[in-house]
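Given next are the chains, with one letter for each unit.
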Amino acid sequence: MIGQTSPFGSLREQLLDAAETFADSPVAVSGILAGLVDDVDRALREKLEIFPVCHHSPASALAMARRLREKQPKVIYLELCEDLQPLLTELRNCRLPVAVQAFATDLDGFPKSWAPLSVVAPITEASAEYQAIAYALETPGVELVLVDRSTDHVFQWAPKEDAKERNEEAGLHGDAVGVEIGDLRPRFAELEEHLLHHGKVRHWSEWWDQYVEQPLSGADYDTYRQVMVLIGSLFRRLTPVGDRLAADEDRERYMWTRMREHLAAGGADPGDCLYVCGAFHAASRVEQFGIESTAPYTISPRTGTKWLYGLIPSSHSAIEAQFGVAQGSVSIAAATWAKAVTRTKLAPFQLAGQKGARKRAAKLPPPKADEAPADRLTGFLSRPPALDALDEAELLGWCVDIVRLARRNGYLASTADAIAVFETSILLAGMRNRARPTPYDFQDAAVTCIEKDVVPGRRDVRRLCEILLGGDRVGEVGYDALPPLARNVYDRLAPLGLDLGKRTIQRALVDLGAQPELVPCSDLLWMLRYLLPDDAVRPIMGERRLGERSIQESWDLAFGKHQRSIIELGYEGVTIEQVLEQRLRRSVWDPKATAAVALAAVEDAVLFLGSRRFADELGKRAVELLAAERGVDDAPEVLRRIRRLLAYYRANEPELPAWCEAFVTTGYAHYCTLLPTAFVDDDTGVRQVGAMLGFLFTMESLALALGCDRAQLELAVQQSHPEAPAKVALLWAAHTQLGLLTMADLRARCDDLLANPLVIPSFPQYIMGFVHAMEPAPALSGFVVEVISKAFGRLPDSVLLPWLPKLITTLRSGAADLVPVLVREAGRTFPGSLPAVDSWVAPWSAPPRPASSVAAPVASGPVAELLMGHPAACDGVAGLLGCEGEWRDPAGGGASREVSALLTAHPEPALALAGLLT
C-alpha cells in the first residue's frame, strides 16, 4: 500500500476513480490498477537501484548508457546465469552478435535422454546488458556480478516433459534453451490479441515498437524506469498461475539472495550498486525482494554434470527464431539503435578492440547526485505521445533502395513503384495513427506495391526489406576466444592459404601428388566431413574408400557459416582425432547399436584414424552385437560392409584380424539358426533373407576353414518352408546352389508357373526372389534373364501390359542395387546389333543338336575302366550339370582304332603331357 509520502498517491486515486466510472467490475479492476502503482512505488523505494530492461530493446540500451554515465555505479548486478561470468571478457575478441553458451554431454543428475544439454544467452550491441558489460569491463574499479540461477539450475527447475525445448528454426542456436533478460510479452493469448487488434498492428514486435520503444527512446530516466516497471507489473499481474510463473519467482528469490550475500561479503554501499533485470522481475512481489528482506531461501546444490563453456556466433534471425519474435524485428531494432545513437550524439559503451565496432569516446563526466523519485507516470499516461515528424529523406532513400534491390532480384519494379511505396507508407502510417512511417509500415507498403502476388526468385519483398534495413547480421567468434580444438583446426588448415573466417563458400584445390605436404590437410578435411554438417565441408572431387585414396581433391568449405559446430566440437575433446574416436566408441556402445553400426564404425576408424588397435576394439564389439541380435533387418548392410572389410584386410594385411574370423564364424552360425524363421516371418523381407543367404554362401569357404559345419546350412535350408512367392523362389535358388535341385528341375518349375493362369499375377514376386538370389548365387544371373525373357515372350498382351508396371516398380523398390547386374547379364545374352536380332535364337529355346551318325569313340584304359566300374560319381556330376546320356559297352572298341593309331604314330604330345603331369 502506498504511504502518504508517496509521489504516486494522486495517480492511484485517479486510477481508482476511473475504475469506478468505466469498469463493469470495479473491485477487480481497481485492485489491478492500484497494484500496478504499488509495484512501481515499491521498486523505486528499494535502496538498491533497479534498472528494468527489455531484451534487445534500443530504448533500454539508450537509457542504460545515459544512466551509467550519470550514476557511474561501482557494482553492477546483472540478470544472467552466474556461471557464465568468466566468458564475458572474451567478448573483446568477437564480432557481435554472439551468444555465451554452456554445454554438457556427460550428464550426472539428469536423464541420459536429455543429452546434450545446451544453454545460450545471445548478446547484441543494441541491448542494455551489453552496455552494462562493456561499462563494467572497461571502467577501472567496477565489479560485474551475475546473479541469476546457474545453467545447472535451469534444467533442475525445468518441467520434466519439456526440459529440452527443441526448435528446428533456431538457426545458429540449434536446440539450445535460450536465456533472456527482460522477456516482456503477454503470457496469455487474449491480452496479446486485444493489444494487436486495437493497436492496428500485425504482431507483438510492431506493437512494442510503436507504443513503447518510440515513446521511451527520448524519455528521461525517471520516466523510462517508471513506465517499464509499470508494464512489467501489468504483464505479471495478468500472468496465469502455473509452472512458468513459479519458476520466475524462484529466479527472483535466487537473485535477491545472491545480491544480499555479495553485499554482506564485500561491504559495498547499495547506493553505488545497480541491479539490471527484466521489467517483469523488477515488479517482483516475492518475500525475498529487497536487500533489507530477512526471508530465508535455500539454494539447492548443483548436480554432478560437467558443464563446458564457450562463445558461439549468433545472428539476428537465430535470436528471432529462438525467442519467438517477428522475423526482421531484431534487425530493425539494430537499425533503430544506430539511428538513435547518431541523432542523440550519445557515446555508448563498447569493449576495446572489439571487431566491427566503431571507436567512440569513452570519457565519463562527473557523476550526478541522485534525486528523490518524482511522479512521471501521471504525465506520461495522461498526454498523447509526441509524434515524430516525417523524415522524408529517410523514407525516400528506403523507397529508392528497395526498388533497386527488387530489380536485382527479378522484380519488374520502376520509379513509379518507388513513388507508390512512398505514398502508401505515409497512408498506412496515418491509418495507424502515426505521423512518421515506421519500418513496419514501409515493409507493408513495399509488399503491396512491388510484389503483386508474384515472387520471381527465392526472396520475397519482405525479406528484401529486412536486408535493406540492416539484414541478418551474423556474429563471429575471434581466434583468441576459440577453444583449443577450433584453433588447432584453423592452424592445421593454414597451408591451404584460405581465409576460413569468411562466411562465403571457398574452394580448396588439393594436389596430393605435387604437394605432399597437403596430405595432413586432406586427412583433417575428411574427418571434419564426418563430424560437421554436410554443407560445412563438401568434397567436389575425390573420394576416400577402403584401400583407395584420390590423387587430387577439390573441396567447398563454409567454416564461417558453421563456426558454432566447430566450437562445439571443442566441448568434446582437445583434438579432432580424440573427438572422432569418442564418437565412434559412443556409437558402438549405444544401447540401440547394431552389428551394422559397429562395422560402419570399424570402417570409419580405418579410413580416418588408421588405428589397427582401435579398429580391432570396435570389431570385437561388432561380434558381440551380432551374436546378441534377434532380428535380421540389418543383414544387407552387414553383408555389404563385412565383404568390403574382408577384401581390404586381404589386400593390405598379411592375415585377417582375429575379430574378422570370429565375425564370420559367429555370423555363419547366427544366420543358419535364424534362416528357417526368417523364411516364414512376414516382417522379414526377401532382401533380408537374400542377404542372409549371401553371407552364408559367400563366406562359406572361410567359415568351413575356420571350423564351421556345412551340415548346419543344409539343415537350415531344408527346414525352411516359405509361402510367399519371392521367398519360395529364393529357397529354390538355395536348393540349386546346394545341389538339392538341378537346373533342369528349376527351369521346369518356372515353366509350370508361367503356364498356370492363377500364378501369373504373382509372378513378379517370383522374379523378385530370383533377382535377390543373385546375391548368394551370382551364377544364376543368366537364368534370371532367361525367366524374364520367357515371361515376355509367352504372356499375352492382355496379361503382360498390366503386369509390366508392377514388375518395374517391384524391381526398382526392392532390388535397385542388383538390377545393374541383371542388365549386364542381359547385354551378354542378347545380340549387340539390330540386324542380328532377326537371326538370333535364344539359347534356352534353341533346338537340340541332332545325334551324330558316326559312333562316338569309346575310351579305354585304366581311367575309363575305373569310371565305368564306379559310375555313381559321373552320374552325380552329370545330374548337377543337367546332362543326359547313357553308358556304352566298351566291348566294341573299334571306333578308337584311329585314335590309337594316331597316338602310336605321333607319341610326342602324349609323352610331353605325361611329363607335365608327373
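Whatever comes next refers back to the structure up there.
Residues numbered from 1 in each chain as written. Predicted model: local features only at pLDDT ≥ 70, side-chain atom pairs only at ≥ 80, totals over all residues. Heavy atoms only, no water.

Engineer: Just to check I follow, could you spell out the overall build of the protein for this structure?
Structural biologist: Helix and strand content of the protein: 39 helices and 15 strands. A buried classification covers 49% of the 918 residues belonging to the protein. Of the contacts made within the protein by residues no fewer than 6 positions apart, 76% connect residues no fewer than 24 positions apart. (Helix = DSSP H or I, 4+ residues; strand = E, 2+ residues; numbered from the N terminus. Buried < 20%, exposed > 50% of the residue type's maximum accessible area, 1.4 Å probe, protein only. Contact = heavy atoms within 4.5 Å.)

Engineer: I'm lost on the packing of helix 25 (residues 658–680) against helix 28 (residues 710–718) in this one. Help?
Structural biologist: Helix-helix packing is described using two parameters, namely the angle between the two axes and the distance between the axes. Between helix 25 and helix 28, whose axes approach to 8 Å, the crossing angle comes to 20 degrees. Between helix 25 and helix 28, the angle is such that the two are roughly parallel. Between helix 25 and helix 28 lies a crossing of left-handed hand. On helix 28, the residues that touch Tyr668, Ala669, Cys672, Thr673, Leu675 and Pro676 of helix 25 are Arg710, Gln712, Leu713, Ala716 and Val717. (Axes fitted to C-alpha atoms, helices over the stretch in contact; angles between N-to-C directions. Parallel < 35°, antiparallel > 145°, perpendicular 65-115°, else oblique. Left-handed = near helix turned anticlockwise from the far one by under 90°.)

Engineer: Would you explain a nonpolar patch on the surface in this entry?
Structural biologist: Nonpolar side chains collect at one region of the surface, where Val877, Leu880 and Leu881 lie side by side and expose about 310 Å² of accessible area between them. Looking at where leucine 880 falls in the secondary structure, it is placed in helix 37 (residues 872–881). (Patch = residues over 30% accessible without salt bridge, like charges linked within 9 Å, V, L, I, M, F, W, Y side chains within 5 Å. Areas by Shrake-Rupley, 256 points an atom, 1.4 Å probe, with all protein chains shown as cover. Salt bridge = Lys/Arg side-chain N within 4 Å of Asp/Glu carboxyl O.)

Engineer: Where do I start with helix 4 (residues 128–138) in this structure?
Structural biologist: Residues lying three or four places apart along an α-helix face the same way, a consequence of the helix completing one turn every 3.6 residues. Extensive coverage of helix 4 is indicated by the burial of 9 of its 11 residues. When we look at burial in helix 4, the residues that qualify are Ala128, Glu129, Tyr130, Gln131, Ala132, Ile133, Ala134, Tyr135 and Ala136. Where helix 4 is buried, its residues meet strand 1 (49–53), helix 3 (58–71), strand 2 (75–81), strand 5 (117–123), strand 6 (143–148) and helix 12 (329–344).

Engineer: Explain the nonpolar core to me, please; I cannot follow it from the model alone.
Structural biologist: Soluble globular proteins tend to pack their nonpolar side chains together in the buried interior. In this structure, Leu493, Phe559, Tyr649 and Phe663 are the most contacted members of the largest nonpolar core, which totals 196 residues. In terms of residue count, helix 25 provides more of this core than any other element does, 11 residues in total. Excluding its chain neighbours within four sequence positions, the residues that come into contact with phenylalanine 663 are Leu599, Ala622, Val623, Leu626, Val638, Ile642 and Phe695. Counting residues in each nonpolar core, the second largest holds 25 residues, with Ile402, Ala406, Phe442 and Val461 among its members. (Core = buried A, V, L, I, M, F, W, Y, C linked by side-chain atoms within 4.5 Å.)

Engineer: Would you mind showing me how to read helix 18 (residues 484–492) here?
Structural biologist: Of the positions making up helix 18, those classed as buried are Leu485, Ala486, Val489 and Tyr490. Buried residues in helix 18, looked at end-on, bunch into an arc of 140 degrees, giving them a common side. Contact partners of the buried residues in helix 18: helix 19 (519–531), helix 20 (563–569) and helix 21 (576–588). (Arc of directions from axis to C-beta.)

Engineer: Just checking my understanding: could you explain the pairing of strand 8 (residues 273–278) for this structure?
Structural biologist: Sheet faces and side chains relate simply in a regular strand, where the side chains alternate between the two faces. The buried count for strand 8 comes to 6 of 6 residues, which makes it a mostly enclosed element. Pairing between strand 1 and strand 8: 5 bridges, direction parallel. Bridge pairing links isoleucine 50 to tyrosine 275 in strand 8. When strand 2 meets strand 8, the two strands line up parallel, connected through 4 bridges. Looking at strand 8, one finds that tyrosine 77 is bridged to tyrosine 275. (Pairing = 2+ DSSP bridges.)

Engineer: What is the right way to look at the sheet that holds strand 15 (residues 552–557) in this model?
Structural biologist: Consider a sheet: its strands pair through backbone hydrogen bonds, and that pairing is either parallel or antiparallel. Taken together, 3 strands build an open sheet; the order of strands is 11-15-12 and the sheet is antiparallel. The strands lining the two open edges of the sheet, one partner per strand, are strand 11 (506–511) and strand 12 (537–541). The sheet shows a mean angle of 25 degrees between the axes of neighbouring strands, taken without regard to direction. Note: strand 11 against strand 15, 6 bridges, orientation antiparallel. Along strand 15, the bridge assignment pairs leucine 509 with serine 554.

Engineer: Explain the pairing of strand 6 here, please?
Structural biologist: Across the 6 residues of strand 6, 5 count as buried, placing the element largely inside the fold. Bridging between strand 2 and strand 6 involves 5 bridges; their strand directions are parallel. Within strand 6, the residue paired with tyrosine 77 across the bridge is valine 145.

Engineer: Would you mind going over unusual backbone geometry with me for this structure?
Structural biologist: Trans is the prevailing form of peptide bonds, just as negative phi is the prevailing case for residues other than glycine. At the junction of leucine 96 and proline 97, the peptide bond is cis and its omega measures out at 5 degrees in the coordinates. Mapped onto the elements, proline 97 comes out in the loop between strand 3 (94–95) and strand 4 (98–104). The backbone of glutamine 72 sits at a positive phi, close to 50 degrees, despite the residue not being glycine. Take glutamine 72: it is sitting in the loop between helix 3 and strand 2. Judged by its relative accessible area of 17%, glutamine 72 falls in the buried class. Its identity as a non-glycine residue notwithstanding, lysine 345 has a phi of 55 degrees, on the positive side. Topologically, lysine 345 is positioned in the loop between helix 12 and helix 13 (377–382). The exposed category is assigned to lysine 345, whose relative accessible area is 75%.

Engineer: So what exactly am I meant to see when it comes to the packing of aromatic side chains here?
Structural biologist: Summed over all chains, the structure comprises 22 aromatic pairs. Measuring from centroid to centroid gives 6.0 Å for tryptophan 157 and tyrosine 254, while their planes differ by 75 degrees, and the two rings are edge-to-face. Here tryptophan 157, found in the loop between helix 5 (151–156) and strand 7 (177–178), pairs with tyrosine 254, found in helix 9 (residues 243–266); they are 97 residues apart in sequence, far enough to count as distant. For tryptophan 157, a relative accessible area of 21% gives the class partly exposed. Judged by centre distance (5.2 Å) and plane angle (75 degrees), the rings of tyrosine 671 and phenylalanine 695 are edge-to-face. Here tyrosine 671 is found in helix 25, whereas its partner phenylalanine 695 is found in helix 26 (residues 686–698), with 24 residues between them in sequence. Both residues of the pair, tyrosine 671 and phenylalanine 695, count as buried. Aromatic ring contacts, followed pair by pair, group Tyr648, Tyr649, Trp659, Phe663, Tyr671 and Phe695 into a single cluster. (Phe/Tyr/Trp six-rings, centres within 6.5 Å; stacked < 30°, edge-to-face > 60°.)

Engineer: What am I meant to see in the packing of helix 32 (residues 781–794) against helix 34 (residues 819–829) here?
Structural biologist: The contact between helix 32 and helix 34 brings their axes to 9 Å, and the two run at 75 degrees. It follows from the interaxial angle that helix 32 and helix 34 lie roughly perpendicular. Taking contact as the criterion, the partners of Ser781, Gly782, Val784, Val785 and Ile788 in helix 32 are, on helix 34, Leu822, Glu825, Ala826 and Thr829. A breakdown of the residues in the contact of helix 32 with helix 34 according to their chemical character gives 5 nonpolar, 3 polar and 1 charged. (Nonpolar A, V, L, I, M, F, W, Y, C, P; charged D, E, K, R; others polar.)

Engineer: I would appreciate a short explanation of the pattern of salt bridges in the present structure.
Structural biologist: Close approach of charged atoms allows side chains with opposite charge to pair. Tallied over the entire structure, the rule returns 48 salt bridges. In this structure, arginine 545 and glutamate 543 form a salt bridge, with 3.5 Å as the shortest nitrogen-oxygen distance. Across the salt bridge formed by glutamate 700 and arginine 710, the nearest N and O atoms sit 2.4 Å from each other. You can see glutamate 700 sitting in helix 27 (residues 700–705) and its partner arginine 710 sitting in helix 28, a full 10 residues away along the chain. A relative accessible area of 26% means that arginine 710 is categorised as partly exposed. Within the structure, one salt-bridge network assembled from shared partners comprises Glu603, Glu637, Arg640, Arg641 and Arg644.

Engineer: Could you clarify how one ought to interpret the sheet that holds strand 2 in this entry?
Structural biologist: In space, the 4 strands of this open sheet follow the order 1-8-2-6, with parallel pairing throughout. The sheet is open, and its two borders are formed by strand 1 and strand 6, each paired with just one other strand. Averaged over all neighbouring strand pairs, the angle between strand axes comes to 30 degrees, with direction disregarded. The strands that helix 4 touches are strand 1, strand 2 and strand 6; relative to strand 2, the one it contacts most, it runs at about 130 degrees. With respect to the sheet, helix 9 is in contact with strand 1, strand 2, strand 6 and strand 8, its orientation differing from that of strand 6 by roughly 145 degrees.

Engineer: Teacher, can you tell me more about the environment of threonine 303 here?
Structural biologist: In this fold, threonine 303 is placed in the loop between helix 10 (279–282) and strand 9 (308–313). Taking the C-alpha atoms as reference points, threonine 303 and aspartate 108, 195 residues apart in sequence, are found 6.4 Å from one another. Dropping the residues within four chain positions of it, threonine 303 is found in contact with Asp108, Gly109, Phe110, Asp152 and Gln156. There is a polar contact of 3.3 Å between the side chain of threonine 303 and the backbone oxygen of aspartate 108. Within the structure, threonine 303 has its side chain in polar contact with the side chain of threonine 305 (distance 3.2 Å). (Polar contact = N/O pair within 3.5 Å; in protein donor to acceptor, adjacent residues only side chain to side chain.)

Engineer: Explain the environment of cysteine 277 here, please?
Structural biologist: Within the fold, cysteine 277 resides in strand 8. A residue is classified by how much of its surface remains accessible, and cysteine 277, at 0% relative accessible area, is buried.

Engineer: Looking at this model, I keep getting lost on the environment of glutamate 252. Mind explaining?
Structural biologist: If you trace the backbone, glutamate 252 turns up in helix 9. With a relative accessible area of 0%, glutamate 252 lands in the buried category. Separated by 104 residues in sequence, glutamate 252 and aspartate 148 have C-alpha atoms that sit 8.1 Å apart. Glutamate 252 has contacts with Arg236, Phe280, His281, Ser284 and Val286, leaving out every residue within four places of it along the chain.

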